[in-house]
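# Geometric and topological summary
One letter stands for each residue in the lines below.
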Amino acid sequence: MSAVSDRLPTFPWDKLEPYKKTAAAHPDGIVDLSVGTPVDPVPDLIQKALIDAADSPGYPTVWGTTALRDAITGWVGRRLGARDVTHRHVLPIVGSKELVAWLPTQLGLGPGDKVAYPRLAYPTYEVGARLARAQYEVYDDPRDLDPTNLKLLWLNSPSNPTGRVIPAPELTEIVAWARAHGVLVFSDECYLELGWEADPVSVLHPDVNGGSYDGIVAVHSLSKRSNLAGYRAAFLAGDPAVLGPLLEIRKHGGMMTSAPTQAAVVAALSDDTHVQEQRERYASRRRLLRAALVAHGFRVEHSEASLYLWSTRDESCWRTVAHLAELGILVAPGDFYGTAGERFVRVALTATDERVRAAVERLS
């Protein structure tokens, strides 16, 4: 086992525990704006769908029910503008983190192959490369990469942690560059429905991909848009030549979404009202927290989308973490996401209205 675990970096969130204890000692309790886990209720129609499917004694299929595939294809067409999407273009997954961590291995990558991801990025991109014993490389602009042996290019728009959105013309050029060099593109779009000052565009949009899904796959999650982090519900959409082999591998590995969760996802993707209601909650919290941070001396960069405010006081991120912990507020240090984040903190919008008001009062 150590041969596998030794490939991995230290689990970053463990480093935050002392600061969490400091914040929890605040007389009015902790305001946890670190991990970004949803706190609002699962919408009733989704809970009902889960409960109605509770009597599911048989094994679910990895590819999901026909109703689930219909819901996914319908949603990517309605919401992302994707055209001519069939069941062959979609694949349910057991939450997006599982996919990110094991994708290089499932693609058959190994020593000598390269995986690239943004300089500031979700740590699991690196973990996935390490598990496969592939090389990994960070970028500011993927078009500046050496494409030799580059087998997997991760895009992330809107970005975690910065909230930056890749403009549609730039995204179009990146897809064209990757295709010209035979590089497979996986676009992590899990925050796409949470654009504030920008309108995120999917790689599945025909203006970006020219009407072809060759060499591109989009990753989507219901964790944030529908408060389903506890359900582990996500899916892929894109090139059938990539998804077909992945489906076969995942069948052998038993990587299947539970039958009640599949039913819940059908309900979630078939309703847009609850998504708009959740957006409004986050928008309100974002306005309050952003104003309070700026008034407290922070500068907020990017953050035009997603569930985070990428913030700095132009000091070590850990000094900022300690300062906010003394106020009973816990945030994520920017260096969790790469050395380029060492003077930033990531402030999540995922706290109740009452806890957000408490943070605003403490910052003032």
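Residues numbered from 1 in each chain as written. Predicted model: local features only at pLDDT ≥ 70, side-chain atom pairs only at ≥ 80, totals over all residues. Heavy atoms only, no water.

### Examining helix H5 (residues 96-106)
- Counting buried positions along H5 gives eight out of eleven residues, so the element sits mostly inside the fold.
- The complete set of buried residues in H5 reads Ser96, Glu98, Leu99, Val100, Ala101, Leu103, Pro104 and Gln106.
- Looking one or two residues past H5, glycine 108 carries a phi angle of roughly 80°, positive in sign. (Buried < 20%, exposed > 50% of the residue type's maximum accessible area, 1.4 Å probe, protein only. Helix = DSSP H or I, 4+ residues; strand = E, 2+ residues; numbered from the N terminus.)

### Re the packing of aromatic side chains
- Overall, the coordinates contain 13 aromatic pairs when judged by the stated rule.
- Connected via pairs of aromatic rings, a cluster forms that spans Trp13, Tyr19, Trp310, Trp318, Phe336, Tyr337 and Phe344.
- When the ring centre of phenylalanine 298 is taken as origin, the NZ or CZ atom of arginine 313, which lies over that ring, is 5.8 Å away.
- The cationic tip of arginine 346 hangs over the ring face of tyrosine 308; the distance from NZ or CZ to the ring centre is 3.8 Å. (Phe/Tyr/Trp six-rings, centres within 6.5 Å; stacked < 30°, edge-to-face > 60°. Lys NZ or Arg CZ within 6 Å of the ring centre and 35° of its normal.)

### Things to note about the packing of helix H3 (residues 44-52) against helix H10 (residues 259-269)
- The contact between H3 and H10 brings their axes to 7 Å, and the two run at 150°. One element, H3, and the other, H10, form an angle in the roughly antiparallel class. Crossing hand, H3 versus H10: right-handed. Judged by residue contacts, Leu45, Ile46, Ala49 and Leu50 of H3 engage Pro260, Thr261, Ala263, Ala264, Ala267 and Ala268 from H10. (Axes fitted to C-alpha atoms, helices over the stretch in contact; angles between N-to-C directions. Parallel < 35°, antiparallel > 145°, perpendicular 65-115°, else oblique. Left-handed = near helix turned anticlockwise from the far one by under 90°. Contact = heavy atoms within 4.5 Å.)

### Observations concerning the pairing of strand E13 (residues 345-348)
- In E13, alternate side chains face the same way, and those of Val345 and Val347 on one face and Arg346 and Ala348 on the other are all buried.
- Both strand E10 (residues 308-312) and E13 contribute to a ladder of four bridges, which runs antiparallel. Across the sheet, serine 311 pairs through a bridge with valine 345, a residue of E13.
- Here strand E12 (residues 332-333) pairs with E13 via two bridges, running antiparallel. Following the sheet pairing, alanine 332 is matched in E13 by arginine 346. (Pairing = 2+ DSSP bridges.)

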